Amino acid sequence: MMDGLREPVGAQPPEVYWRRRIVAIVGAVLLLVVLYFLVSSPGGDDPGGPADASANPDDATAGPTDDATAGATDVSRACTATDVTLTATPNPREFGAGALPVFDVSITHTGTAPCLLDTSAADTELLITSGSDRIYSSLDCPDDPTINAREFLLQPGAKETFTVTWSRQRSAPECTPVSASPGNGTYHALLKIQGIEAPDTRFVLTG
């Protein structure tokens, strides 16, 4: 038997039998290779294959989506006095006859998170006084255009400016008509936006 394995026995030349053995061995090897790839293909039981990634679609998408949602910032949060500093500066300090007092308003975001400042929000007012005399308030008439409606989406460190103009007229609560006009003298303006107050500022009417 061993001689038959080492030296082919038969009517054909030995090289014929060796070729047949080589072909048979190659065929067996190819069959084993095909079987291996069938078992380890994505449709098989390979624990590290793509089949695991699609087994639970939530696992593939939950991470990035949740992180993006968690990192989103709510910029609709209303600014407070801890977020924003306001100043209102008369430009110029003295206003002659017929000149309407103009105030340059500066907004500086000094907080650490974005917020919204809305000039049409409640608790927004331009108040003009002279001594103990209440001269004017933008809250007296609901359609008063003194403080135009605008919104500022403020990022930390942001600065914005706009102007407010007083009509140089007196006003009274509930828009009650007032015939008297302000005379020459020293006046004070107090601007408040969304409950945030700017420092009291002084100006003069000279004619």
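Rules of the game
- Residues numbered from 1 in each chain as written.
- Predicted model: local features only at pLDDT ≥ 70, side-chain atom pairs only at ≥ 80, totals over all residues.
- Heavy atoms only, no water.
- Helix = DSSP H or I, 4+ residues; strand = E, 2+ residues; numbered from the N terminus.
- Buried < 20%, exposed > 50% of the residue type's maximum accessible area, 1.4 Å probe, protein only.
- Polar contact = N/O pair within 3.5 Å; in protein donor to acceptor, adjacent residues only side chain to side chain.
- Contact = heavy atoms within 4.5 Å.
- Core = buried A, V, L, I, M, F, W, Y, C linked by side-chain atoms within 4.5 Å.
- Phe/Tyr/Trp six-rings, centres within 6.5 Å; stacked < 30°, edge-to-face > 60°.
- Pairing = 2+ DSSP bridges.
- Axes fitted to C-alpha atoms, helices over the stretch in contact; angles between N-to-C directions.
- 1 Å grid on protein atoms, 1.4 Å probe; cavity = no way out; pocket = protein on both sides within 12 Å on 5 of 7 lines; lining within 4 Å.
- Points joined across faces, edges and corners; volume = space filled by probe spheres on them.
- Nonpolar A, V, L, I, M, F, W, Y, C, P; charged D, E, K, R; others polar.
- Salt bridge = Lys/Arg side-chain N within 4 Å of Asp/Glu carboxyl O.

Observations regarding unusual backbone geometry
Omega for the bond connecting N91 with P92 falls within 30 degrees of zero, at 0°, which places this linkage in the cis form. For P92, the position within the fold is in the loop between β1 (84-90) and β2 (94-95). At E174, a position not held by glycine, the phi torsion is positive, near 60°. Tracing the backbone through its elements, the reader meets E174 in the loop between β8 (159-165) and β9 (185-193). The backbone phi angle of Q194 is positive, close to 55°, even though this residue is not glycine. Looking at the secondary structure, you find Q194 in the loop between β9 and β10 (196-197). Assessed through its relative accessible area of 16%, Q194 is described here as buried.

Remarks on the side chain of S138
Here S138 shows up in the loop between β6 (133-137) and β7 (151-154). At a separation of 2.9 Å, a polar atom in the side chain of S138 contacts the main-chain amide nitrogen of L126. What S138 contacts, discounting residues up to four positions off in sequence, is T124, E125, L126, D144, T146 and I147.

Describing the nonpolar core
Within soluble globular proteins, side chains that are nonpolar generally end up buried alongside one another. Residues L117, L126, I128, W166 and F203 are the most contacted members of the largest nonpolar core, which totals 29 residues. No other element matches the four residues that β9 contributes to this core.

Section: the packing of aromatic side chains
Per the stated rule, a full pass over the model turns up seven aromatic pairs. Ring geometry for F103 against F203: centres 5.3 Å apart, planes inclined by 80°, an arrangement best described as edge-to-face. Taken together, the residues F103 in strand β3 (residues 102-109) and F203 in strand β11 (residues 201-205) connect sequence positions 100 residues apart. Classification of F203 as buried rests on a relative accessible area of 1%. When the ring of F152 is compared with that of F162, the centres are 5.7 Å apart and the planes differ by 25°; the resulting orientation is stacked. Placement of F152 in strand β7 and of F162 in strand β8 is noted, with a sequence separation of ten residues between them. Relative accessible area serves as the criterion here: at 8%, F162 is assigned to the buried category. An aromatic cluster is defined as three or more aromatic residues linked by ring pairs; in this entry it consists of F95, F103, Y136, W166, Y187 and F203.

Observations concerning the sheet that holds β1
Taking strand neighbours across the sheet as the criterion, the three strands line up as β1-β3-β8 in an open arrangement whose pairing is antiparallel. Looking at which strands have only one partner, the edges of the open sheet turn out to be β1 and β8. Each adjacent strand pair in this sheet contributes to an overall mean axis angle of 20°, direction not counted.

Some remarks on the environment of I128
Mapped onto the secondary structure, I128 falls in strand β5 (residues 125-130). Exposure remark for I128: the relative accessible area of 0% places this residue in the buried category. Along the chain, I128 and R168 lie 40 residues apart, while their C-alpha atoms are 9.6 Å from each other.

What about the layout of surface pockets?
Volume-wise, the largest pocket comes out at about 190 Å³. As for the largest pocket, its lining consists of T119, S120, A121, T124, S138, L139, C141, P142, D144, I147 and A149. Its residues assigned to classes, the lining of the largest pocket shows six nonpolar, four polar and one charged.

A word on the pattern of salt bridges
Under the definition given, this model contains four salt bridges. D123 is paired through a salt bridge with K192; the nearest N and O atoms lie 3.1 Å apart. One end of the pair, D123, is in the loop between β4 (115-118) and β5; the other, K192, is in strand β9, with 69 residues separating them in the sequence. Among the residues examined, D123 registers a relative accessible area of 42% and is labelled partly exposed.

Purely geometric stuff here, so don't read any function into it on its own.
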